[in-house]
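Coordinates in review
For reference, the chains in residue letters:
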Amino acid sequence: MADRHVDALIVGGGIAGAACAAALHEGGFDGHVLIAGRETDPPYERPPASKGYLAGTMDRNACLLHDDAWYARQNLELATRTSVMKLDTAARTATFATKEVVEYGVALLATGANVRRLRVDGAQLDGIHYLRALGNADAIRADAEEAEHVVLVGGSYIACEVAATLTSLGRRCTMVMLEDAPLSGHFGPAAGRFFAELLRSRGVELVCGDGLERLEGAEGDRVQRVVTASGRELHADMVVMGTGAVPDAMLARAAKLELGETGGIACSASLETSAAGVWAAGDVCEYDSVLHGGRVRIEHHEVALAQGRAAAAGMLGTRRPYAELPYFWSDLSDWCTAEWVGITEAPEREVVRGSVDDGEFSVLHLAGGRLVAALSVGRGGDLAHARRLIADGTDLSGREDELASGDLEAL
Ligand SMILES: Cc1cc2nc3c(=O)[nH]c(=O)nc-3n(C[C@H](O)[C@H](O)[C@H](O)COP(=O)(O)OP(=O)(O)OC[C@H]3O[C@@H](n4cnc5c(N)ncnc54)[C@H](O)[C@@H]3O)c2cc1C
């Protein structure tokens, strides 16, 4: 027996969950909506956790998606510090950690992702940080106040952004990564060379093509050294691990929902899960993408937002394939902003427009004669054209010179 009924239950108070709630309201949903989120903060933006919030230039309130008055105006119940422990999709009930049982009409699983923890010797030492929530950023900033040398493990955007932010705060940062160059896994080799040069020029030491072997402590329990796979020893007053994220599908798995290959919740093109009346959105959603021609799971802020809105449209009765072109951005302190649109992170060929040396360039990624992704630093105008060329699937075979230096509008 349920303790109470809600018309829409949203599990997870991240950007995907909050966007779904807002879109339900805008779309005229007149039932009771409940967002149940495990964190103590109301829904907030995660990107500042490695940028302005970590730097101390943006306060906690500025990260919040909405103020209290907004939730009251939307007739929306927000339950923070509330974990949903169990979902019974046949009975359409959810059991909270408080033991309360809530019956729902429709539900959204927007449970996001958790950091990928590396199990290496020394992983339990003090002074080792992962970054997902604002609280983690608080801990990193507090520790950084006492630290001189910071080692960052990883070559993707979290490690790069944190290295840039902490360097701007006067710390000496060293990055250890498997990749040949920072961000090259996401953005390709040409961009990787640019980011390597940029980070080095600002004083970040890069150890590329090398992995983490173990972490070693001083006499106490605090980390003091990072030892790499090649045997290099790096002094570390603290360590930040930027080693990726894994979808949080615990609730879905226990409810026997179908999962996808990457461990996310398997969804149809319109983001419906294998259980009737249950949608998924955001980092946890592994959906059948008409753009990609198969199942994908994407960990980008704008995608989580758009998927939350698309799931709301489905709940309101407008089911259509989710087909927005993924967009992502990354800021390295105030040194540079990179923007990316596209449908693959493993392109066949790159065409560079503009000047990498001057820090104003785009890299167009081609596969099978078509544009599949584009990265831009300081050339936002190129992205609008790239969006169109990717979405239209324009055949660009043999037109590399025009792509490199011609007018993209004319293509
Ligand atoms: C430090 C950082 C910087 C980033 N910077 C960028 C950037 O510059 N650009 C960009 O495009 N993307 C960026 N991202 C990625 C982006 O923030 C994520 O893609 C986005 O937050 C995903 O939103 P979500 O709502 O799917 O999941 P989340 O934000 O992870 O929210 C899910 C929420 O669900 C809660 N939850 C899970 N299970 C339960 C349960 N059973 N009961 C109740 N609650 C539950 C979790 O506690 C969490 O609060 C960044 C991410 C991080 C961590």
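1. What to know about the site of the ligand
Glu-39, Arg-46, Lys-51, Arg-132 and Asp-283 are the nearest of the 36 residues found near the ligand. In this structure, Ala-16 approaches the ligand through a main-chain N or O atom, which is 3.0 Å from an oxygen atom. At a separation of 2.8 Å, an oxygen atom of the ligand approaches a polar side-chain atom of Asp-283. About the coverage of the ligand: the protein hides 97% of its 1000 Å² of free accessible area. Ranked by the residues each element gives to the shell around the ligand, the list is headed by helix H6 (residues 157–168), at three residues. Across the shell around the ligand, the residue classes tally to 15 nonpolar, twelve polar and nine charged.

2. Re helix H8 (residues 189–201)
Here H8 is 13 residues long and its end C-alpha atoms lie 18 Å apart, about the 18 Å a rise of 1.5 Å per residue gives. Buried within H8 are the following residues: Ala-190, Ala-191, Gly-192, Phe-194, Phe-195, Ala-196, Leu-198 and Leu-199.

3. Looking at the nonpolar core
Formed by 56 residues in total, the largest nonpolar core has its most connected members in Leu-9, Phe-96, Leu-108, Leu-109, Leu-257, Ile-265 and Tyr-287. Tallying contributions element by element places helix H1 (residues 15–26) first for this core, with seven residues. Non-local contacts of Leu-9, meaning those with residues more than four positions away in its chain, are made with Leu-34, Ala-36, Ala-94, Phe-96, Tyr-104, Val-106, Ala-107 and Leu-108. Tyr-53, Cys-173, Cys-336 and Phe-361 belong to the second largest nonpolar core, which has 48 residues in total.

4. Some details on a negative patch on the surface
Residues Glu-197, Asp-357, Asp-358 and Glu-360 make up a contiguous surface patch of negative charge. Here Asp-358 lies in the loop between strand S23 (349–355) and strand S24 (360–367). Given the relative accessible area of 63%, Asp-358 is considered exposed.

Here is what the cut-offs are and how they apply
Residues numbered from 1 in each chain as written. Predicted model: local features only at pLDDT ≥ 70, side-chain atom pairs only at ≥ 80, totals over all residues. Heavy atoms only, no water. Near = heavy atom within 4 Å. Polar contact = N/O pair within 3.5 Å; in protein donor to acceptor, adjacent residues only side chain to side chain. Areas by Shrake-Rupley, 256 points an atom, 1.4 Å probe, with all protein chains shown as cover. Helix = DSSP H or I, 4+ residues; strand = E, 2+ residues; numbered from the N terminus. Nonpolar A, V, L, I, M, F, W, Y, C, P; charged D, E, K, R; others polar. Expected span 1.5 Å × (residues − 1). Buried < 20%, exposed > 50% of the residue type's maximum accessible area, 1.4 Å probe, protein only. Core = buried A, V, L, I, M, F, W, Y, C linked by side-chain atoms within 4.5 Å. Contact = heavy atoms within 4.5 Å. Patch = residues over 30% accessible without salt bridge, like charges linked within 9 Å, V, L, I, M, F, W, Y side chains within 5 Å. Salt bridge = Lys/Arg side-chain N within 4 Å of Asp/Glu carboxyl O. Lys, Arg positive; Asp, Glu negative; His and termini not counted. Charge placed at Lys NZ, Arg CZ, Asp CG, Glu CD.

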